[in-house]
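So the chains spell out like this:
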Amino acid sequence: MSVGTYAPKPGAAPVGRMIAAQTALETRMLLRNGEQLLLTVIIPSLLLVLFSTVDVVDTGDGRAVDFLAPGVLALAVMSTAFTGQAIATGFERRYGVLKRLGASPLPRWALMTAKTLSVLVTEVLQIALLTAIALGLGWSPRGNPLAVLLLLVLGTAAFSGLGLLMAGTLKAEATLAAANLVFLLLLVGGGVIVPLEKFGAAGDVLALLPISALSDGLRDVLQHGAGMPWADALILAVWAVLGLGAAARFFRWE
């Protein structure tokens, strides 16, 4: 009896192909979720347009959009890498999706890689949209694009680690409530819309938050044309190491 030839050959696909397929799936799921679109696209866009055209908050000298655009870009990163990822991953963990994916040929590290890549793809779309809106409102960005890119990557890593830590340790309902609450608190007190100087002595403490470091760093580069804001980059790097390290240590798949 001759041995049959099977085409395609049974077995797992290459890891790179699995990561690409999972990334595409994660991105489609994220973009189809109405709540996530509200957080990632609609709210940042409305805040940018509203506070750039209506004189509600004193943003200092110069045009309001020059102050607001970097902060809204930071908010967009937080909404996707932290809030959106925490909520989505928390409910995937609750419904057993992560447990089943963990038992599939896709390695767990590859699943987390796909989630991270999905976040990056979504952020590219967000930044492109918000940049177009800001330019339409008269924004004149300055500074080194490489410094902006590094800050965005560090901010993504910091918020992603915190989001995965929350999703992997809390119940899904608690993650939903906590992630939205943190989003609102950091929106108000993270230097996104209101300058940290308005908070008095508390501003020095608030400046250590990742959203404040990302907002201030982007503002230094894009509004003031500064070089790499190393102090803000260091704060983001510390949050990234702590968040990702804690997520890797304490994340529960079930």
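The notes below deal with the structure included here. (Residues numbered from 1 in each chain as written. Predicted model: local features only at pLDDT ≥ 70, side-chain atom pairs only at ≥ 80, totals over all residues. Heavy atoms only, no water.)

**Things to note about the packing of aromatic side chains**
For step 1, the next point in the chain: Going through the model one piece at a time under the given rule, you end up with one aromatic pair.
For step 2, the next point in the chain: Between the aromatic rings of Phe91 and Tyr95, the centroid separation amounts to 6.1 Å while the plane-to-plane angle is 35 degrees, which identifies the pairing as tilted.
For step 3, the next point in the chain: Assessed through its relative accessible area of 54%, Tyr95 is described here as exposed.
For step 4, the next point in the chain: The ring of Phe67 carries the charged tip of Arg219 above its face, separated from the ring centre by 3.8 Å. (Phe/Tyr/Trp six-rings, centres within 6.5 Å; stacked < 30°, edge-to-face > 60°. Buried < 20%, exposed > 50% of the residue type's maximum accessible area, 1.4 Å probe, protein only. Lys NZ or Arg CZ within 6 Å of the ring centre and 35° of its normal.)

**Notes on the pattern of salt bridges**
For step 1, the next point in the chain: Within the structure shown, the criterion is met by five salt bridges.
For step 2, the next point in the chain: Residue Glu26 pairs with Lys115 through a salt bridge whose shortest N-O separation is 3.3 Å. Note that Glu26 is positioned in helix H1 (residues 15–32) and Lys115 in helix H5 (residues 108–136), a separation of 89 residues in sequence.
For step 3, the next point in the chain: In this structure Glu26 comes out as buried when scored by relative accessible area, which is 8%.
For step 4, the next point in the chain: In this structure Lys115 comes out as buried when scored by relative accessible area, which is 5%.
For step 5, the next point in the chain: Ionic pairing is found between Arg94 and Glu173, a salt bridge with its closest N-O pair at 2.5 Å. Remark: Glu173 occurs in helix H7 (residues 172–189) and Arg94 occurs in helix H3 (residues 64–94); sequence separation between them is 79 residues. (Salt bridge = Lys/Arg side-chain N within 4 Å of Asp/Glu carboxyl O. Helix = DSSP H or I, 4+ residues; strand = E, 2+ residues; numbered from the N terminus.)

**Brief notes about the nonpolar core**
For step 1, the next point in the chain: Ranked by size, the top nonpolar core spans 50 residues in total, and within it Leu48, Met78, Leu151, Phe159, Leu214 and Leu218 carry the most contacts.
For step 2, the next point in the chain: Taken together, the elements giving at least two residues each to this core come down to helix H2 (34–53), H3, H5, helix H6 (145–169), H7, helix H9 (210–222) and helix H10 (230–250).
For step 3, the next point in the chain: With 17 residues, the single largest contributor to this core is H3.
For step 4, the next point in the chain: The contacts of Leu214, once residues within four sequence positions are left out, are Ala74, Val77, Leu151, Leu152, Gly155, Phe159 and Leu236.
For step 5, the next point in the chain: Membership of the second largest hydrophobic core comes to twelve residues, among which are Met18, Ile19, Met112 and Ala247. (Core = buried A, V, L, I, M, F, W, Y, C linked by side-chain atoms within 4.5 Å. Contact = heavy atoms within 4.5 Å.)

**Some remarks on the layout of surface pockets**
Regions of empty space are outlined by a rolling probe, equal in size to a water molecule, passed over the atoms.
For step 1, the next point in the chain: In this structure, the largest pocket encloses a volume near 300 Å³.
For step 2, the next point in the chain: Along its surface, the largest pocket is lined by 18 residues, and Leu30, Gly84, Ala88, Thr89 and Glu92 are the ones closest to its centre.
For step 3, the next point in the chain: Secondary structure elements with two or more residues in the lining of the largest pocket: H1, H2, H3 and H5.
For step 4, the next point in the chain: Looking at the lining of the largest pocket element by element, the count peaks at eight residues for H3.
For step 5, the next point in the chain: Grouping the constituent residues of the lining of the largest pocket by class yields seven nonpolar, seven polar and four charged.
For step 6, the next point in the chain: Quantified by volume, the second largest pocket comes out at close to 250 Å³.
For step 7, the next point in the chain: Lining of the second largest pocket is provided by 15 residues; of these, Phe67, Pro195, Glu197, Asp216 and Arg219 occupy positions nearest its centre.
For step 8, the next point in the chain: Contributions of two or more residues to the lining of the second largest pocket are made by helix H8 (202–206) and H9.
For step 9, the next point in the chain: In terms of residue count, H9 provides more of the lining of the second largest pocket than any other element does, three residues in total. (1 Å grid on protein atoms, 1.4 Å probe; cavity = no way out; pocket = protein on both sides within 12 Å on 5 of 7 lines; lining within 4 Å. Points joined across faces, edges and corners; volume = space filled by probe spheres on them. Nonpolar A, V, L, I, M, F, W, Y, C, P; charged D, E, K, R; others polar.)

Spatial relationships are all this shows, so hold off on functional conclusions.
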